[in-house]
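A structural walkthrough
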Amino acid sequence: MLYENIKKLVQYGIETGLTPACEKNYTINLLLDVFKEEDYTEPEEEYKDIDLEEVLGNLLEEAVRRGLIEDSIVYKDLFDTRLMNCLMPRPAQVQKEFWDKYEKSPQEATDYFYKLSQDSDYIRRYRVKKDQKWTVNSEYGEIDITINLSKPEKDPKAIAAAKLAKASSYPKCLLCPENEGYAGRVNHPARENHRIIPITVNNSPWGFQYSPYVYYNEHCIVFNSQHTPMKIERDAFVKLFDFVKLFPHYFLGSNADLPIVGGSILSHDHFQGGHYTFAMAKAPIERSVTIPGYEDVEAGIVKWPLSVLRIRHKDEKRLIDLATHVLEVWRGYTDEQAFIFAESDGEPHNTITPIARKVGEMFELDLTLRNNITTEEHPLGVYHPHAQYHHIKKENIGLIEVMGLAVLPARLKEELELLEEYILGNKDISSNEKIEKHAAWAAEFLPRYSHLDRDNIQDVLREEVGRVFVHVLEDAGVYKCTEEGRDAFLRFIQTL
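Summary of the structure given here. Predicted model, so just to flag it, every value in this text is computed and none were measured.

This next bit is on the side chain of H386. Take H386: it is sitting in the loop between β14 (362-371) and α12 (399-402). Beyond its immediate sequence surroundings of up to four residues, H386 is in contact with H378, G381 and D475.

This is the structure in structure tokens:
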């Protein structure tokens with residue numbers, strides 16, 4: 001079984017282009033060494049169209065049987081990453097191939113790198129396809145919804161081991177370039193099959209890679225080579241456009257730099273982008289505005305639940321200048337009538353979530369105004385999902401959600417399945433502790449539907465989840481999509 005699966009894995013490497021055919025023996029020997037196996041007899045059978053998940057599954061079983069690893073998802077992920085690295089080209093080879101292709105076209109380079117990041121199993125295709133995805137029409141356009149099922153749940157054994165593992169500060173975080181080739185440990189994922197493309201952004205060394213959890217097509221991460229905190233400032237806008245000029249078919253955006261309205265890793269300066277057009281990018285300008293000193297820049301309020309000022313120009317430097325001006329004014333802006341406070345007790349509240357892209361000949365920058373103030377009524381944030389929607393989405397509204405993609409927790413898969421059963425069976429939803437949190441929501445939407453059955457219940461629930469997410473986005477908007485809200489937004493723009 002071992003020899004057969006080693007042969008299949010090497011054949012997979014050759015088929016996908018990870019492994020040159022001339023390195024076949026070398027790769028077999030690397031894999032034998034991982035299994036502490038000194039002998040090998042090549043199976044006579046020839047294999048093609050290899051199913052990677054199946055082959056890795058067989059090899060992991062063999063590793064457990066030989067006592068090389070424990071039978072746990074965490075140890076298996078560490079081990080199969082090591083196996084995949086035996087097939088992989090060295091970082092310098094990947095970089096050379098990337099830039100050779102870039103000479104022909106930036107898209108050819110990213111196509112190559114995205115395929116490699118999947119073929120290498122750094123992006124585990126067979127896990128990503130488990131994610132549940134659908135779209136919901138709204139007054140703001142077609143909203144994307146995904147229930148993220150591709151991150152494996154840790155088992156109790158691994159959780160216990162992680163608690164006992166000695167503290168390590170290497171790599172400092174998941175975004176540091178030192179992750180490339182790192183073998184991992186119980187509390188840090190293996191990255192031996194991971195490759196990074198070095199790029200220059202704002203005259204400093206940065207890295208370009210893909211997210212292993214690809215929430216949308218070619219979901220990439222662009223990160224500072226130094227472990228330095230995120231900061232929205234003039235340089236951030238320069239960096240966004242430096243990248244978009246390198247890869248004009250990709251958008252690039254940044255999380256805000258304050259807690260609650262920021263992303264999950266504020267300690268390492270990074271951006272996220274990709275080859276995808278979100279609902280926000282398709283949303284039209286609802287009201288054009290002219291900003292003194294920038295009359296040559298197209299500007300307007302976007303028809304979107306969050307408060308977005310879109311600016312467009314052929315020269316990205318004009319956008320960088322204007323964005324810096326907007327940011328500086330917004331940081332210090334207070335409008336008590338609209339419940340916008342620049343700070344309280346010395347703690348700053350105002351920041352921006354920016355997204356840059358190129359549309360035809362025009363550069364475009366969306367400036368999403370954010371505020372992280374909390375109150376007794378909204379302890380997690382006034383401009384954050386309100387408590388009535390926490391049964392669906394409680395987490396921060398970061399860059400990806402801002403653009404119109406709901407990344408919802410894995411628990412919802414089981415909860416929605418249970419809800420289907422309880423609704424169709426006319427059972428008391430509040431009697432089940434797993435779904436009692438959804439009882440008030442179900443009571444609110446069920447009267448809208450005269451007939452529910454096995455054929456339409458899933459579509460109805462997905463539609464209603466989408467409606468909740470739109471409300472969540474409206475909660476995150478500092479100015480509401482009402483006449484009063486738009487007037488308040490214009491008051492701010494007039495101060496520019």
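Another aspect to go through is the sheet that holds strand β5 (residues 220-224). The strands that make up a sheet pair up through hydrogen bonds in the backbone, lying either parallel or antiparallel. Strand order across the open sheet formed by ten strands is β3-β4-β5-β7-β6-β13-β14-β10-β9-β8, with antiparallel pairing between neighbours. If you trace the sheet from one side to the other, it starts and ends with β3 (197-201) and β8 (285-289), each paired once. In this sheet, neighbouring strand axes are inclined to one another by 25° on average, regardless of whether the strands run parallel or antiparallel. Sheet analysis places strand β4 (residues 204-210) next to β5, joined by five bridges and oriented antiparallel. Among the inter-strand pairings, Q209 is bridged to a residue of β5, identified as I221.

This part takes up the packing of helix α5 (residues 91-104) against helix α6 (residues 106-119). Closest axis-to-axis distance for the α5/α6 pair is 5 Å, and the angle between their directions is 150°. By the angle between their directions, the pair α5 and α6 is classed as roughly antiparallel. Residues V94, E97, F98, K101, Y102 and K104 of α5 form the contact with α6, whose own contacting residues are P106, E108, A109, T110, Y112, F113 and L116. Class assignment for the residues of the contact of α5 with α6 results in eight nonpolar, one polar and four charged.

Moving on to helix α2 (residues 24-34). Of all the residues in α2, the buried ones are T27, I28, L31, L32 and V34. Along the axis of α2, the buried residues cluster in a sector spanning 155°; they form a single face. Turned more than 90 degrees off the buried face of α2, the exposed positions are N25, Y26 and D33. Those residues of α2 that are buried are in contact with α1 (2-16) and α4 (73-85). Note on α2: the residue one or two positions beyond its end, K36, has a positive phi of about 55°.

Calculation criteria
Residues numbered from 1 in each chain as written. Predicted model: local features only at pLDDT ≥ 70, side-chain atom pairs only at ≥ 80, totals over all residues. Heavy atoms only, no water. Helix = DSSP H or I, 4+ residues; strand = E, 2+ residues; numbered from the N terminus. Contact = heavy atoms within 4.5 Å. Pairing = 2+ DSSP bridges. Axes fitted to C-alpha atoms, helices over the stretch in contact; angles between N-to-C directions. Parallel < 35°, antiparallel > 145°, perpendicular 65-115°, else oblique. Nonpolar A, V, L, I, M, F, W, Y, C, P; charged D, E, K, R; others polar. Buried < 20%, exposed > 50% of the residue type's maximum accessible area, 1.4 Å probe, protein only. Arc of directions from axis to C-beta.

Bear in mind that shape data such as this cannot, by itself, settle questions of function.
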